[in-house]
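# Understanding the architecture of this molecule
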Amino acid sequence: MSQHYENEGSAASRSKAFVWLMQRVTGVGLVLFLVLHFWVQHMPTGFLATAGEYSEILKTLLEASPEVVDAIADGKIKEALPGEHVITYSKVLERLRTPLWKIIDILLLLFALLHGMLGLMNVLGDYMKRVRLRKAVVFCCWAVTLFLAGQGIVVIMAVGMK
Amino acid sequence: MAPRFRHGQGFYYCLIAQSLRNGAIWMVFIHVLTYRGMTQNKLPGQSDTTPSFRTFLSTIFSYRVRSGMAAWILHRVTGLSLVLYLAIHIMGLRSLGNPLAFEAYITGYRNPLFKFAEVMLLGSVAFHAFNGLRIFAQDMYFRSERQKPLFYAVLALTIIVTIIGGLPIIFPYFITPLLP
């Protein structure tokens, strides 16, 4: 049983097939990356500071800069609860100093952005009939993607480069 | 000994109770507000129902949401919310240039309300991932009559992963203070 579509074999059709493939590739990649990301950033592992370690970190911050006193008094920085594990600057710095983690995080960023923005364009395209509007939205989505990718890569590369 | 209600958990429990109560009040309010358009024993979409918010709602809820449609809607909603979160996340990481700003940024996310949001984020990611894998597997290997059991497997896996991953997140905030 073969179906014939109006635009079969056209550039638009091929681009849609490519998007379909990209969503599968980046999706499966993201499952692996996100398991790792969640394990490192949200579970009580050595990549996070325990409550004791965090109060030590705050003490060293206090010695380095007196602004921290105000920040703690205002509640902008809070001590950890007993049993809590906190993402902290020094632990992230320690991890992101290794080039392997930089590569992993940049790949995660690019996979997530590509998967998310292609999916967003797919969803938005379902609700827009006018071709010019659709093209404008796709253009905006790509602009946002490039901006966020640049922002993220600059941040990841800059960590520990001082 | 550490004080037991340092972040004011009592306040947040009150907030949750209040939002439940407000939800109930809003439901009654919408019921009263939209009563005018209701006609009895009419199928939605039939011409002699007066067009109103009420008939719109009853049309929406008259669709029998079967597993495939539920999967489609949930995949869309979780996907959109994750894109939104991704953008916020990337912009927030700019504070990695300054230790003080970074600790303040993370403290913002350590608010007890955000801990619920974090668990919901995990649930969204888990559902989107498992459902995505189901779609991929179905495209490749399974016939369509397998989709219902596969969807229920997706739901079960999502719930299991959310509970296992969510417990360490909410434990220090909502469970440790209640322990003797």
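Residues numbered from 1 in each chain as written. Chains lettered and ligands numbered in written order. Predicted model: local features only at pLDDT ≥ 70, side-chain atom pairs only at ≥ 80, totals over all residues.

Right, let's get into the overall build of chain A. If you tally the helices and strands in chain A, you get six helices and zero strands. Each helix and strand of chain A, ordered N terminal to C terminal, gives the series α-α-α-α-α-α. Taking 15 Å as the expected radius of gyration for a compact globule of 162 residues, we find that chain A reaches 22 Å, considerably beyond that expectation. Referenced to the eigenvectors of the C-alpha coordinate spread, the extents of chain A come out at roughly 70 × 30 × 30 Å. A burial count over chain A gives 22% of its 162 residues as buried. (Helix = DSSP H or I, 4+ residues; strand = E, 2+ residues; numbered from the N terminus. Rg over C-alpha atoms; globule rule 2.2 N^0.38 Å. Buried ≥ 20, exposed ≤ 12 C-beta atoms within 10 Å, placed from the backbone.)

Attention now moves to the packing of helix 1 (residues 11-42) of chain A against helix 5 (residues 99-126) of chain A. Residue and element names in this part refer to chain A. For the pair helix 1 and helix 5, interaxial distance at closest approach is 9 Å and the crossing angle is 135°. When the interaxial angle is binned, helix 1 and helix 5 end up oblique. Handedness of the helix 1/helix 5 crossing: left-handed. Here Val19, Met22, Gln23, Thr26, Gly27, Gly29, Leu30, Phe33 and His37 of helix 1 lie close against helix 5, whose contacting residues are Leu107, Leu108, Phe111, Ala112, Leu114, His115, Leu118 and Gly119. A per-class count over the contact of helix 1 with helix 5 returns 10 nonpolar, seven polar and no charged. (Axes fitted to C-alpha atoms, helices over the stretch in contact; angles between N-to-C directions. Parallel < 35°, antiparallel > 145°, perpendicular 65-115°, else oblique. Left-handed = near helix turned anticlockwise from the far one by under 90°. Contact = placed C-beta atoms within 7 Å. Nonpolar A, V, L, I, M, F, W, Y, C, P; charged D, E, K, R; others polar.)

All right, on to the domain arrangement of chain A then. The domain architecture assigned to chain A consists of domain 1 (18-42 + 96-162) and domain 2 (49-86). If you average the C-alpha positions of domain 1 of chain A and of domain 2 of chain A, the two centres end up 32 Å apart. (Domains from an automatic or database assignment.)

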